[in-house]
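A closer look at the structure
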Amino acid sequence: MAETIFDKIIDKSIPAEILYEDELALAFSDINPQAPVHFLVIPKKQIATINDITEADREVVGHLYVVAAKLAAEKGFADQGYRAVMNCNEYGGQTVYHIHLHVLAGKPMGWPPYTDKMKPLE
Ligand code: 5GP
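All figures in this text were calculated on a predicted structure; none of them were measured in a lab.

**Comments concerning the layout of surface pockets**
Looking at the largest pocket, its volume works out to about 890 Å³. Lining of the largest pocket is provided by 25 residues; of these, N87, G92, G93, P113 and Y114 occupy positions nearest its centre. Counting only elements with at least two residues in the lining of the largest pocket, the list comes to β4 (82–85), α3 (89–92) and β5 (101–105). Per-element tally for the lining of the largest pocket: the top contributor is α3, with 3 residues. Looking at side-chain class alone, the lining of the largest pocket contains 10 nonpolar, 8 polar and 7 charged residues. Counted as a void, the second largest pocket has a volume near 300 Å³. Around the second largest pocket sit 18 residues that line it, and F6, F28, D30, I31 and L40 are the ones nearest its centre. Where the lining of the second largest pocket is concerned, the elements lending two or more residues are α1 (5–10) and β2 (25–29). The element contributing the most residues to the lining of the second largest pocket is α1, with 3 residues. Within the lining of the second largest pocket, the residues separate by chemical class into 10 nonpolar, 6 polar and 2 charged.

Structure (C-alpha cells):
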C-alpha cells in the first residue's frame, strides 16, 4: 500500500503537534485548520479509505471515536459540541489516503458541509 505523509507523522520523521498517542492511534493538529480547533485522529494501521475497512478493523476504527471523545472532554468542547467526520475518495474530499477522523470544534458547524448543493464534478 502506498505510503502517505501520515506514515511519516506516525514514525516521527516529519513533525506534527501530537495531542494523543497509543498503540492503535495518533491524534495531531491539522496543518491547515478549518475551525478554531481542528485535529485528526488516525489509525497507526495503514487503511487507505473507508472502503478498505474490514471486519478485522472494527476495534481500531471504533477506537478513533473513543480518542476523539476523550480529547473533546479533555479540551473542554465535548458539551458545546463538535463535528467528527471522515472523507472518502474524490467526491468526499479526501486528499490523504490514510483514513483520518477530522475533529472540528470551537464554532457552530454548518450543515450541509458544502455550498454548491447538487453540482457534480465535471
Ligand atoms: P482530507 O482532505 O484527506 O480529508 O484531509 C486531509 C487533511 O490532512 C487536511 O485537512 C490537511 O490540512 C491535513 N494535512 C495534510 N498534510 C498534513 C501534514 O503534513 N501535517 C498535518 N498536521 N496535517 C496535514
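So that's the structure; there's more coming.
**Concerning the nonpolar core**
With 19 residues, the main nonpolar core has V41, L64 and V67 as its most contacted residues. Secondary-structure elements contributing two or more residues to this core are β2, β3 (37–43), α2 (58–75) and β5. Top element by residues in this core is α2. It accounts for 7 residues. When near neighbours in sequence (up to four residues on either side) are disregarded, V41 contacts L26, A27, L64, V67, A68, H100, L101 and V103.

**Quick notes on the site of the ligand**
Near the ligand lie 16 residues; those nearest to it are D30, N87, G93, T95 and H102. Between T95 and the ligand, the recorded distance is 2.7 Å, taken from a backbone N or O atom to an oxygen atom. V96 places a polar main-chain atom, nitrogen or oxygen, 3.0 Å from an oxygen atom of the ligand. The protein chains hide 84% of the 520 Å² of surface that the ligand would expose on its own. The set of elements that each furnish at least two residues to the shell around the ligand consists of α1 and β2. It is α1 that contributes the most residues to the shell around the ligand, 3 residues altogether. Here the shell around the ligand is built from residues that sort into 7 nonpolar, 8 polar and 1 charged.

**A look at α2**
Look at α2: 26 Å from first C-alpha to last across 18 residues, which is about the 26 Å you get at 1.5 Å a residue. Close packing links the buried residues of α2 with β1 (18–21), β2, β3, β4 and β5.

**Some words on the side chain of H102**
With respect to the helices and strands, H102 occurs in strand β5. By relative accessible area, H102 is classed as buried at 13%. At 2.9 Å, the side chain of H102 forms a polar contact with the side chain of H38. Other than its neighbours up to four places away in sequence, H102 contacts D30, H38, F39, L40, R83, A84, V85 and N87.

Rules and cut-offs
- Just so you know, the residues in each chain are numbered from 1, in the order the chain's sequence is written.
- Local features in a predicted model are, by the rule used here, given only for residues with pLDDT of at least 70; side-chain atom pairs are given and counted only at 80 or more, and totals for whole chains, interfaces and linings are based on all residues.
- Neither water nor hydrogens contribute to the side-chain values; these are computed over all heavy atoms in the structure.
- Using protein atoms alone on a 1 Å grid, points that fit a 1.4 Å probe yet trap it form a cavity, whereas open point sets bounded by protein on both sides within 12 Å along at least five of seven lines form a pocket; residues with an atom within 4 Å of a point count as lining.
- Grid points are joined across faces, edges and corners, and a volume is the space filled by probe spheres set on the points.
- Comment: elements are numbered from the N terminus, with helices defined as DSSP H or I runs of at least four residues and strands as E runs of at least two.
- Each residue receives one of three labels: charged for Asp, Glu, Lys and Arg, nonpolar for Ala, Val, Leu, Ile, Met, Phe, Trp, Tyr, Cys and Pro, and polar for the others, Gly being one of them.
- Working definition of a nonpolar core: buried Ala, Val, Leu, Ile, Met, Phe, Trp, Tyr and Cys residues. They are joined through side-chain atoms within 4.5 Å.
- Relative accessibility under 20% of the residue-type maximum defines a buried residue, over 50% an exposed one, and the middle range a partly exposed one, all with a 1.4 Å probe and only protein chains included.
- Here a residue-residue contact requires only that any non-hydrogen atoms of the pair lie within 4.5 Å.
- The criterion for a residue being near a molecule or strand is simple. One of its heavy atoms has to lie within 4 Å of it.
- In the analysis that follows, any N or O atom pair within 3.5 Å is treated as a polar contact, provided that within protein one partner can donate a hydrogen and the other can accept it, and provided that, for residues neighboring in sequence, both atoms belong to side chains.
- Using the Shrake-Rupley algorithm and a 1.4 Å probe, accessible areas are obtained, with residue cover drawn only from the displayed protein chains.
- One fewer than the residue count of a helix, multiplied by 1.5 Å, yields its expected span.

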